[in-house]
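These are the residues of each chain, in order.
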Amino acid sequence: MKQAAEPVRQGALALKAAAGSLVASAGAWVSTAAYAVNDLPGGPAVNQLNFHPPVTKIAEEQHWLHWFMMIICAVIFVIVFGVMFYSIVKHRKSVGHKAQELPEPIWVELGWTIVPLLIVIGMALPATKVLVAQKDTTNSDVTIKATGMQWKWGYDYIKGEGEGIALVSTLDATHRELSNNPTGAKPDDYLLKVDHPMVVPVGKKIRIITTANDVIHAWMVPAFGVKQDAIPGFVRDTWFRAEKTGDFYGQCAELCGKEHAYMPIHVKVVTAEEYTAWVEGKKKEMAAAVDDPSKVWTLADLVKRGESVYAANCVACHQANGKGAGSIKPIDGAAVVLDADKSKLISVLLNGQNNGAMPAWKQLNDTELAAVMTFAKNNWSNKTEQLIQPAEVQAARK
Amino acid sequence: MSAVLDHHDAHGHDHHDDHHAPKGWRRWVFATNHKDIGTLYLLFAFAMLMIGGVLALLIRAELFQPGLQLVNPQLFNQLTTMHGLIMVFGAIMPAFVGFANWMIPLQIGASDMAFARMNNFSFWLMIPAGLMLVASFFMPGGAPAAGWTLYAPLTLQMGPSMDAGIFAMHILGASSIMGSINIIVTILNMRAPGMTLMKMPMFCWTWLITAYLLIAVMPVLAGAITMTLTDRHFGTSFFNPAGGGDPVMYQHIFWFFGHPEVYIMILPAFGIISQIVPAFSRKKLFGYASMVYATGSIAILSFVVWAHHMFTTGMPVTGQLFFMYSTMLIAVPTGVKIFNWIATMWKGSMTFETPMLWAVGFIFVFTVGGFTGLILSMAPIDIQMQDTYYVVAHFHYVLVAGSLFALFAGVYYWGPKWTGVMYSEFRGKFHFWGSLITFNITFFPMHFLGLAGMPRRYADYPMQFADFNAIASVGAFGFGLMQVYFFLFVVVPMMRGQGEKASQKPWEAAEGLEWEVPSPAPFHTFENPPKLDATATKVIG
Amino acid sequence: MSANAHGATPYYFVPGPSRHPVMASIGLFFVILGAGQWINGAQWGAYSVAFGLAWWGIVLYQWFRDAVSESEGGLYGHKIDLSFRWSMSWFIFSEVMFFGAFFTALWWARVHSVPALGGIENALLWPDFKAVWPSVQAGATASPAGIVEPFQTMGPFWLPTINTALLLTSGVTLTIAHHALQAGNRGKTIAFMWMTVVLGIVFLFVQGYEYAHAYADLNLKLSSGIFGSTFFMLTGFHGFHVFVGMLMLLFITLRLQKGHFTKDRHFGFEGAAWYWHFVDVVWLGLYILVYWM
Ligand code: HEA
Ligand code: HEA
Ligand code: CUA
Ligand SMILES: [Cu+2]
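The shown structure was predicted, so the numbers you read here are calculated from the model rather than taken from an experiment.

## Details of the coordination of the copper ion (ligand 4)
Where a metal carries four tetrahedral donors, each ideal angle is 109.5 degrees; where it carries six octahedral donors, the ideal angles are 90 or 180 degrees.
Turning to step 1, where the next piece is worked out: In this structure, His259 of chain B (ND1), His308 of chain B (NE2) and His309 of chain B (NE2) serve as the protein donors to the copper ion (ligand 4), at separations of 1.8 to 2.1 Å.
Turning to step 2, where the next piece is worked out: Each donor residue of the copper ion (ligand 4) lies on one chain, and together they are spaced H-x48-H-H.

This is the structure in structure tokens:
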């Protein structure tokens with residue numbers, strides 16, 4: 001297959017160059033000159049015309065298959081429409097052509113049934129090979145569970161080096177802000193930058209187990225040739241073995257509600273040594289950051305902590321001013337927030353509300369939940385002076 | 001050469017007493033006449049095309065540049081969802097039913113549809129459903145925003161408008177089922193004596209098969225959304241894993257409906273093209289029998305390919321292989337159709353009036369969409385393309401350049417029969433070329449966006465995608481303007497009867513019983529069936 | 001109406017303008033408008049549904065009255081009779097597809113989703129869930145997330161078996177009625193039709209009792225996870241179809257009493273009979289797949 005691929009690729013490159021210059025000139029007049037934008041290595045390139053440069057075997061095979069299909073289809077296209085346009089030019093009334101009924105021998109009909117059938121079979125064979133390879137998730141070196149949540153990704157390293165690491169990966173808050181700004185200049189990694197990328201070692205087989213907390217999401221990284229739906233209540237898996245180090249980007253690829261466009265995927269592929277170092281560092285960091293739910297906090301500290309939790313999780317819907325927007329309810333002045341009976345608010349955060357329009361937040365830890373609720377109770381015009389301690393949240397969990 | 005020996009019925013006939021068209025609004029609201037009901041369907045569909053089109057333009061306007069300029073992401077999802085639903089269920093399907101109403105009785109020499117009152121019921125059911133769909137934007141929480149595919153469990157998070165939408169779809173489904181039964185019965189039972197099934201015009205054949213698809217899959221959709229409804233409100237767990245259900249089950253049931261549904265939207269289009277190409281090539285349709293078999297094969301295959309929409313849900317490799325192979329097979333019968341059309345043109349004596357232009361444009365551009373479909377059907381590459389703009393490009397090539405172009409072709413072809421006046425050839429051609437060019441400007445760049453990984457249903461996107469999105473948006477507005485032009489300068493004049501008077505058979509070589517009645521077709525036609533010349537084979541299109 | 005100026009049966013009767021279709025869809029408009037509101041807690045929705053249904057019922061009554069008088073007036077020729085036959089057959093086919101969706105759900109749950117949820121892969125998410133169907137047998141947990149209270153299943157004995165007998169008997173009485181009609185024995189036809197209708201009603205009562213028993217004694221509810229969902233939706237939609245079929249037979253019986261139908265022209269009767277047999281067959285499927293297996 002590789003041999004065949006070479007000439008194919010040569011042709012492809014020429015085609016691509018031609019198409020590229022055509023598109024570039026066509027695009028010039030509407031170009032987004034206002035924003036100087038560059039290719040994002042590992043992410044999309046400006047006016048990219050084909051798949052991302054492959055970083056895994058599978059992605060490379062997909063590339064090959066795509067060109068293979070493109071070329072067969074192009075050939076059929078040229079033949080079929082060559083005939084049609086020849087006929088349109090020659091067999092028109094205005095050039096004096098007289099209609100001639102054709103005989104309809106059975107072999108013609110059979111022929112153009114059987115030949116396409118053979119072509120299709122010829123297409124199916126290489127596809128089958130790639131497909132089978134793609135599905136083989138056995139013998140992985142590292143297994144990571146990717147959990148889709150409205151609207152962020154949780155990564156749990158569950159097997160192999162790094163086991164036990166857990167992180168939550170959210171779109172950089174400033175990018176979400178930028179999105180609301182209709183005209184502002186935007187960086188090259190616009191909407192692709194996250195706070196905590198997933199880190200994996202190069203050259204190792206990584207198995208990704210996908211699942212979701214609320215609705216269906218899809219975990220995709222084009223450069224790896226990977227896309228797998230994350231389905232609530234079920235696990236699915238896929239795999240990749242990155243052959244290059246670097247940063248690779250993807251986005252959630254299944255409609256998952258309002259912020260569907262804002263839950264990117266960022267995979268950092270590093271060398272084995274760097275990976276080990278990262279694992280060490282992460283483990284230490286996690287040990288240090290573990291929140292003790294029995295700790296008793298002061299109001300000021302908790303509000304401060306809550307502010308950052310709010311910024312990371314809530315601001316996308318409820319807005320910085322706490323007023324919500326559209327169907328999103330305000331927090332500022334909300335009865336359930338002001339209510340002296342804290343259990344109501346705790347239950348809303350743990351279980352969600354309105355059929356999940358307000359999602360459940362039980363994946364946050366007790367301290368984070370306590371902090372964000374205390375923040376909400378004491379921010380904007382809400383001045384309740386009420387304080388929810390982590391232990392109260394812990395008690396309210398089932 | 002005429003196929004009809006006995007013309008007594010088509011022109012003056014015996015009992016004139018009760019054959020005057022009713023007047024005023026009653027004529028339309030209480031209609032039992034297939035032509036009037038056909039007109040109602042066509043007008044309804046056109047209105048929905050406008051509404052769906054405006055939603056599409058709002059989408060394109062938002063996507064013109066990165067960043068949110070016009071709408072918030074929630075509203076964006078509502079726009080996408082309602083655009084899909086309105087176009088599919090409000091515009092394309094009813095438009096084809098309108099054609100069926102107008103043309104099937106005329107083409108088979110029947111006096112009307114088999115069940116005239118039920119026919120009107122099918123139409124009037126669409127009004128409440130259409131109203132509910134459009135009104136859902138104004139309900140608390142806005143319109144449904146879960147995509148036209150209404151995947152669970154996202155539908156469980158929607159507001160009350162979701163229920164309105166579900167009930168509206170139930171009603172639309174009932175309307176489709178009644179309409180299809182009507183069409184099946186009309187075709188099977190009311191053909192003029194001597195018109196065997198294999199002499200029937202292709203348009204009737206494609207609709208017969210489409211009607212079977214409809215009665216087979218609309219009830220399945222009804223089942224799926226009923227389960228959604230009970231999951232939402234009555235505590236069932238069909239799609240809820242916590243109670244033992246499965247969200248993916250929704251997708252299987254939906255696509256068992258959804259894939260045949262897309263052929264429901266293309267088979268009648270094939271029928272229209274199969275009428276037009278012979279007429280303007282001045283030949284009979286090449287390979288009539290194989291056209292019928294190909295249509296049948298497409299329909300049958302369409303029941304076993306549904307999971308090609310679900311390659312990324314993670315099914316076993318055997319499942320992926322099965323659905324990949326069966327999907328690729330559909331290229332074969334579809335190819336037969338393309339080849340037959342080209343063979344019909346071959347050695348013809350072609351002229352290129354507007355209907356023929358649209359038909360050739362259809363064949364050309366639809367094939368592009370067919371090829372991208374084939375590329376999508378390859379599971380290993382679909383993994384890359386699933387839920388990206390490549391899919392959006394694919395289905396607009398087959399739905400807009402396919403279904404919609406064929407509808408335009410049909411309007412130009414049969415419009416003179418409906419209205420009694422010719423359209424302006426210049427305007428028709430302008431509409432065609434303008435639409436063809438702007439269509440490609442709109443949707444061709446989406447292939448690149450998809451390959452580069454831009455997901456669909458996104459309100460905002462990375463900077464690198466900006467240029468192609470801008471081009472697509474400009475194209476979309478151009479395409480929209482062309483349709484405004486079509487409405488103002490083609491449709492309105494024809495409806496007002498302005499223009500050259502159309503002869504009974506404006507197309508030199510058109511075949512079929514519809515050309516045996518005057519233009520515009522009188523209120524009642526073929527009250528007694530025409531006598532067909534048993535030796536005439538040219539009745540068929 | 002039109003077309004019958006000469007008193008003979010027209011080649012194909014086409015009714016003149018009619019207000020029934022538009023009126024019927026106005027009725028349905030109120031139904032769906034109200035239903036969408038009602039299930040979201042708006043009380044006026046219920047009134048709208050009731051109003052719409054009543055309106056719709058009246059329209060249907062008038063519509064059928066017209067159709068019956070056309071039929072009895074001799075306007076429906078042989079062709080129309082054939083049209084009715086085709087249409088009823090394909091309508092029943094579409095109903096089969098509707099039930100197909102729910103049978104598929106049952107099959108999918110049993111063969112695929114429940115075993116998968118309890119499978120080794122999903123142990124990551126539901127470590128305590130043991131999948132057995134029905135999800136209440138020894139060793140099973142009723143639902144993955146423990147949101148379903150324990151319940152018992154509805155076995156085939158005795159209520160469902162009684163119901164099977166009722167429906168099968170009703171199929172026999174209906175056939176006897178049909179033969180009697182063909183033999184021109186109207187009295188016997190009417191008698192057996194009434195028996196059929198009554199059997200249908202008794203079936204519905206037994207099913208109602210069965211449901212009450214399920215809720216009260218077995219704790220088997222619509223919300224009992226996927227088992228309850230498929231059980232009640234399948235049997236419930238079937239029961240609804242029995243109700244509709246029973247109404248059809250009832251109206252046919254009333255028409256018979258008014259002297260409608262002849263020994264060789266009685267499609268109205270046959271159409272209702274086909275529908276009844278279809279409902280019967282669905283029940284047999286349910287009896288085996290839902291209650292026995
Ligand atoms: C009119 C509607 C229509 C039609 C006709 C088709 C036709 C086809 N479609 Fe398409 N499709 C849609 C409407 C349609 N589709 C829609 C709406 C969606 C998206 C739904 C959603 O997710 O919202 C979709 C999505 C879709 C997908 C899922 C993509 C994804 O979500 O990942 C796939 C995958 O297999 C697919 C495949 C095909 C194929 C193989 C055909 C074939 O029938 C095409 C056959 C035609 C040809 C191949 C060209 C002519 C043939 C020749 C000239 C003969 C010689 C050729 C060869 C031998 C190669 N379609
Ligand atoms: C069935 C037919 C059909 C038709 C005809 C169209 C027509 C068009 N569609 Fe289509 N589209 C779908 C079916 C269809 N679509 C479906 C099923 C989806 C998937 C939905 C989902 O993801 O759930 C979709 C999704 C979809 C998307 C992706 C949205 C997303 O993923 O977020 C886009 C984006 O560009 C788009 C654009 C367009 C455009 C520009 C047209 C144009 O062709 C429309 C042209 C018509 C007009 C513009 C109307 C006429 C003009 C006026 C009334 C006057 C106003 C005009 C001016 C002032 C210029 N559509
Ligand atoms: Cu998560 Cu889309
Ligand atoms: Cu499909």
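Read on, since the account is not over.
## Looking at the coordination of the iron atom of ligand 1
Residue and element names in this part refer to chain B.
Turning to step 1, where the next piece is worked out: Coordination of the iron atom of ligand 1 by the protein comes from a single atom, His394 (NE2), at 2.1 Å.
Turning to step 2, where the next piece is worked out: The copper ion (ligand 4) is placed at 4.5 Å from the iron atom of ligand 1.
Turning to step 3, where the next piece is worked out: Locating His394 in the fold gives a position in helix 14 (residues 389-419).

## Side note on the site of ligand 1
Turning to step 1, where the next piece is worked out: Taken together, 33 residues lie around ligand 1, and Trp148, Tyr263, Asp382, His394 and Arg456 of chain B are the ones closest in.
Turning to step 2, where the next piece is worked out: Each of chains A and B places residues near ligand 1.
Turning to step 3, where the next piece is worked out: Within the side chain of Tyr263 of chain B, a nitrogen or oxygen atom sits 2.6 Å from an oxygen atom of ligand 1.
Turning to step 4, where the next piece is worked out: Note that an oxygen atom of ligand 1 is positioned 3.2 Å from one of the backbone N or O atoms of Ser377 of chain B.
Turning to step 5, where the next piece is worked out: With 8 residues, the single largest contributor to the shell around ligand 1 is helix 12 (residues 354-377) of chain B.
Turning to step 6, where the next piece is worked out: Taken together, the residues of the shell around ligand 1 sort by class into 20 nonpolar, 11 polar and 2 charged.

## Quick notes on the domain arrangement of chain A
All names here are of chain A.
Turning to step 1, where the next piece is worked out: Entries for chain A in the domain assignment read domain 1 (57-97 + 104-134), domain 2 (142-289) and domain 3 (299-397).
Turning to step 2, where the next piece is worked out: Residue-level contacts link 7 residues of domain 1 with 5 residues of domain 2.
Turning to step 3, where the next piece is worked out: Around 430 Å² of area is buried between domain 1 and domain 2 when both sides are counted, 39% of it from carbon and sulfur atoms.
Turning to step 4, where the next piece is worked out: It is Lys57, Ile58 and Ala59 in domain 1 that bury the most area against domain 2; as a group they hold 59% of the surface buried on that side.
Turning to step 5, where the next piece is worked out: Taken together, domain 1 and domain 2 are joined by 0 salt bridges.
Turning to step 6, where the next piece is worked out: Viewed at the interface, domain 2 and domain 1 are joined by 3 residue pairs in polar contact (both at pLDDT 80 or more).
Turning to step 7, where the next piece is worked out: Take the side of domain 1 that touches domain 2: its biggest share by element is 5 residues, from helix 2 (residues 57-90).
Turning to step 8, where the next piece is worked out: Looking at the side of domain 1 that touches domain 2, its residues break down into 3 nonpolar, 2 polar and 2 charged.

## Concerning the side chain of Thr372 of chain B
Residues and elements named next belong to chain B.
Turning to step 1, where the next piece is worked out: Within the secondary structure, Thr372 sits in helix 12.
Turning to step 2, where the next piece is worked out: In this structure Thr372 comes out as buried when scored by relative accessible area, which is 6%.
Turning to step 3, where the next piece is worked out: Within the local environment of Thr372, its side chain forms a polar contact with the side chain of His394, the two groups lying 3.3 Å apart.

## What to know about the interface of chain B and chain C
One frequently used descriptor of interface size is the decrease in accessible area upon assembly of the parts.
Turning to step 1, where the next piece is worked out: With 64 residues of chain B at the interface, the matching set in chain C holds 63 residues.
Turning to step 2, where the next piece is worked out: In this assembly, chain B packs against chain C so that about 5,400 Å² is buried in total across both faces, 74% of it on carbon and sulfur atoms.
Turning to step 3, where the next piece is worked out: Of all residues in chain B, the largest losses of buried area upon contact with chain C belong to Arg117, Phe121 and Asn189 of chain B, amounting jointly to 14% of the total for that side.
Turning to step 4, where the next piece is worked out: The interface formed by chain B and chain C includes 1 salt bridge.
Turning to step 5, where the next piece is worked out: Of the charged contacts in the structure, one is a salt bridge between Glu70 of chain C and Arg117 of chain B, with a shortest N-O distance of 2.9 Å.
Turning to step 6, where the next piece is worked out: The tally of links from chain B across to chain C stands at 15 residue pairs in polar contact (both at pLDDT 80 or more).
Turning to step 7, where the next piece is worked out: Listed by contribution, the elements that provide at least two residues to the side of chain B that touches chain C are helix 4 (116-135), helix 5 (161-189), helix 6 (202-233) and helix 7 (247-264) of chain B.
Turning to step 8, where the next piece is worked out: Here the element with the most residues in the side of chain B that touches chain C is helix 6 of chain B; it accounts for 12 residues.
Turning to step 9, where the next piece is worked out: Split into classes, the residues belonging to the side of chain B that touches chain C amount to 39 nonpolar, 18 polar and 7 charged.

Rules and cut-offs
Residues numbered from 1 in each chain as written. Chains lettered and ligands numbered in written order. Predicted model: local features only at pLDDT ≥ 70, side-chain atom pairs only at ≥ 80, totals over all residues. Heavy atoms only, no water. Donors = N, O, S within 2.8 Å, 3.2 Å for Na, K, Ca; no water. Helix = DSSP H or I, 4+ residues; strand = E, 2+ residues; numbered from the N terminus. Near = heavy atom within 4 Å. Polar contact = N/O pair within 3.5 Å; in protein donor to acceptor, adjacent residues only side chain to side chain. Nonpolar A, V, L, I, M, F, W, Y, C, P; charged D, E, K, R; others polar. Domains from an automatic or database assignment. Contact = heavy atoms within 4.5 Å. Buried area = accessible area lost by both parts, 1.4 Å probe. Salt bridge = Lys/Arg side-chain N within 4 Å of Asp/Glu carboxyl O. Buried < 20%, exposed > 50% of the residue type's maximum accessible area, 1.4 Å probe, protein only.

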